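If you want the building blocks of each chain, they are given just below.
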Amino acid sequence: MGSSAEQSRVPPSLQLPTSPVTKFKIALCQLSVTADKERNIAHARKAIEEAVEKGAQLVVLPEIWNSPYANDSFPVYAEDIDAGGDASPSTAMLSEVARNLKVTIVGGSIPERCGDKLYNACCLFGKDGKLLAKHRKVHLFDIDIPGKITFMESKTLTAGENPTIVDTDVGRIGIGICYDIRFHELAMLYAARGAHLICYPGAFNMTTGPLHWDLLQRARAIDNQLYVATCSPARDAGAGYVAWGHSTLVGPFGEVLATTEHDEAIIIGEIDYSLIELRRTNLPLEKQRRGDLYQLVDVQRKKQQETT
Ligand SMILES: NC(=O)CC(=O)C(=O)O
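The residue numbering used here restarts from 1 in each chain and proceeds along that chain's sequence as written. Residue-level local features of this predicted model are given only where pLDDT is at least 70; pairs of side-chain atoms are given and counted only at 80 or more, and the full residue set underlies all totals for whole chains, interfaces and linings.

- The chain is annotated in an unreviewed UniProt entry as CN hydrolase domain-containing protein from Papaver somniferum.

Next up, the structure:
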């Protein structure tokens, strides 16, 4: 063992944790989203039921699926997730469906209210309906391309403070929300902590989507030799923010395993975690990494080590 500073510089795990299942179906529910929150909740419930009927053991929903993606909507549609029950009808539905259908759900994201702050938050439910994790988007989407797209999430939202990675019935899953996918250090950190799969609920747009969406998710998968799943809302050409769509599952060799265009769809993909080991054997990037020249520092682990 080296010093604690050395221990916090972590290479991606060579040894993956054991997952309760290694082969399973994932569903990406590319949902249409309207201004009617009750309809959005009922619609998401139906999509999850349909996905489970199609054999999915893991269901992923889009970024901001219960509300329009707009700064003036976030405060209106936001829910107090920690209070639960009537204060959060969207997550109450997810928990109930997960329990009833015995399915793991990466619940896209919804605007969350916590005290006087708003977050863009993703809740992950186990197949017993328990909330396993809540990820608050850690990189806020502030973009200004004059004449094309200007959007400032930071006008209304606060950034989350934690990476989120959790053991589930379908493997160890890291969560990022949309813009989080651009920050490859976060994906590297999840790989270093033993993720099999990173899920990114996301709503790219008509400017960045065509150029960046496919590239970023394949890059995250190739760099880290793991599975990446993205789930977007369906496109509504009349909306204030027009989503790119194209929800996709990418394998650990960068291969697109399942994808779609921009319309509403339930995309079913096959995951086989044994392919992660295979690709890491074929291309042993971790062994070839030049730790003498560069290192990833797990800042949270470092802080923990400093305080113990
Ligand atoms: N909507 C986002 O958070 C990110 C996005 O559209 C982009 O990065 O482009």
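After that view, the rundown keeps rolling.
## Some points on the overall build of the chain
- Put simply, DSSP H or I for four residues or longer makes a helix, DSSP E for two residues or longer makes a strand, and each gets a number counted from the N terminus. Looking only at helices and strands, the chain features nine helices and 15 strands.
- Radius of gyration: C-alpha atoms only; globule rule: 2.2 Å multiplied by the number of residues to the exponent 0.38. Relative to a compact globule of 308 residues, whose C-alpha radius of gyration would be 19 Å, the chain shows 19 Å and is just as compact.
- C-alpha extents for the chain along the principal axes are approximately 55 × 40 × 40 Å.
- Each residue is classed by its C-beta neighbour count within 10 Å, where at least 20 other C-beta atoms makes it buried, 12 or fewer makes it exposed, and intermediate counts make it partly exposed; the C-beta atoms are placed from backbone geometry. Within the chain, buried positions represent 46% of all 308 residues.
- We call two residues in contact when the distance between their C-beta atoms, placed using the backbone, is within 7 Å. Intrachain contacts of the chain at a sequence separation of at least 6 include 69% that bridge at least 24 residues.

## Regarding the site of the ligand
- In the region of the ligand, the neighbouring residues are Phe141, Cys178, Tyr179, Arg182, Ala203, Phe204, Asn205, Thr208 and His212.
- All residues other than Ala, Val, Leu, Ile, Met, Phe, Trp, Tyr, Cys, Pro, Asp, Glu, Lys and Arg, Gly among them, are scored as polar; the first ten of these are nonpolar and the last four charged. Its residues assigned to classes, the shell around the ligand comprises five nonpolar, three polar and one charged. We call a residue near a molecule or strand when its C-beta atom, built from the backbone, sits within 6 Å of it.

## Here we look at the nonpolar core
- When buried Ala, Val, Leu, Ile, Met, Phe, Trp, Tyr and Cys residues are joined through C-beta atoms within 7 Å, the set is termed a nonpolar core. Ranked by size, the top nonpolar core spans 79 residues in total, and within it Ile26, Cys29, Val59, Val60 and Ala229 carry the most contacts.
- It is strand 5 (residues 117-125) that provides the largest number of residues to this core, a total of seven residues.
- Not counting residues within four places of it along the chain, the set of residues in contact with Ile26 comprises Ala56, Leu58, Val60, Ala229, Leu249, Gly269 and Ile271.

## Some thoughts on the packing of helix 2 (residues 37-53) against helix 4 (residues 89-101)
- In this analysis an axis means a line fitted to C-alpha atoms, helices contributing only their contacting stretch, and an angle means the value between N-to-C directions, from 0 to 180 degrees. The geometry of helix 2 relative to helix 4 is characterised by a closest axis approach of 10 Å and an angle of 20° between their N-to-C directions. Taken together, the axes of helix 2 and helix 4 are roughly parallel relative to one another. Handedness of the crossing formed by helix 2 with helix 4: right-handed. Listed contacts from helix 4 to Ile41, Arg45, Ile48, Glu49 and Val52 of helix 2 are Pro89, Ser90, Met93, Val97 and Leu101. Here the angle decides the label: under 35 degrees means roughly parallel, over 145 means roughly antiparallel, 65 to 115 means roughly perpendicular, and every other value means oblique. For a crossing to be left-handed, the near helix must be turned anticlockwise from the far one by less than a right angle; the clockwise case is right-handed.

## Comments concerning unusual backbone geometry
- Positive phi outside glycine occurs at Ile64, with the angle close to 45°.
- Along the chain, the position of Ile64 falls in the loop between strand 2 (56-60) and helix 3 (74-77).
- Exposure remark for Ile64: the 27 C-beta atoms within 10 Å place this residue in the buried category.
- Backbone geometry places Lys102, a non-glycine residue, at a positive phi of 50°.
- Considering the arrangement of structural elements, one finds Lys102 in the loop between helix 4 and strand 3 (104-106).

## As for the sheet that holds strand 10 (residues 171-175)
- Read across the open sheet, the six strands follow the order 9-10-11-12-13-14; overall the sheet is mixed. Here the strands that pair on one side only, and so sit at the sheet edges, are strand 9 (164-168) and strand 14 (256-259). Within this sheet the neighbouring strands show an average axis-to-axis angle of 20°, counted without direction.
- By this definition, two strands are paired if DSSP reports at least two bridges between them. By the bridge criterion, three bridges tie strand 10 to strand 11 (residues 197-201) in an arrangement that is parallel. Within the sheet, the bridge partner assigned to Ile175 lies in strand 11 and is Cys199.

## With respect to the pairing of strand 12 (residues 227-231)
- Judged by how many residues are buried, strand 12 sits mostly within the fold: five of five residues are covered.
- Burial along strand 12 is two-sided: Tyr227, Ala229 and Cys231 and Val228 and Thr230, pointing in opposite directions, are all buried.
- Pairing of strand 11 with strand 12, which is carried by five bridges, proceeds in the parallel orientation. Pairing of Cys199 across the sheet is with Ala229, part of strand 12.
- Here, the term right-handed applies to a crossover whose path from the first strand over the helix to the second runs clockwise when the strands point away from the viewer. Handedness of the crossover is the feature at issue here: the chain leaves strand 11, passes through helix 6 (residues 209-224), returns alongside strand 12, and the resulting connection is right-handed.
- Sheet topology note: the strand 12/strand 13 (residues 248-250) ladder contains three bridges and is antiparallel.

## Here's the deal with the environment of Thr18
- With respect to the secondary-structure elements, Thr18 resides in the loop between helix 1 (4-7) and strand 1 (23-30).
- The spatial distance from the C-alpha of Thr18 to the C-alpha of Asp167 is 9.8 Å, given a sequence separation of 149 residues.

## What about the packing of helix 5 (residues 184-192) against helix 6?
- With their axes 10 Å apart at the nearest point, helix 5 and helix 6 run at an angle of 40° to one another. Considering the angle they form, helix 5 stands oblique to helix 6. For the crossing formed where helix 5 meets helix 6, the hand is right-handed. Residues His184, Ala187, Met188 and Ala191 of helix 5 form the contact with helix 6, whose own contacting residues are Arg220, Asp223 and Asn224.
- Split into classes, the residues belonging to the contact of helix 5 with helix 6 amount to three nonpolar, two polar and two charged.

## A short note on the pairing of strand 7 (residues 142-145)
- As judged from the four bridges shared by strand 7 and strand 8 (residues 149-152), these two strands associate in the antiparallel manner. From the neighbouring strand, Ile143 faces strand 8, where its bridge partner is Phe151.
- Between strand 7 and strand 8, which pair antiparallel and follow one another directly, the connecting turn spans three residues, one of which, Gly147, has a positive phi of 85°.

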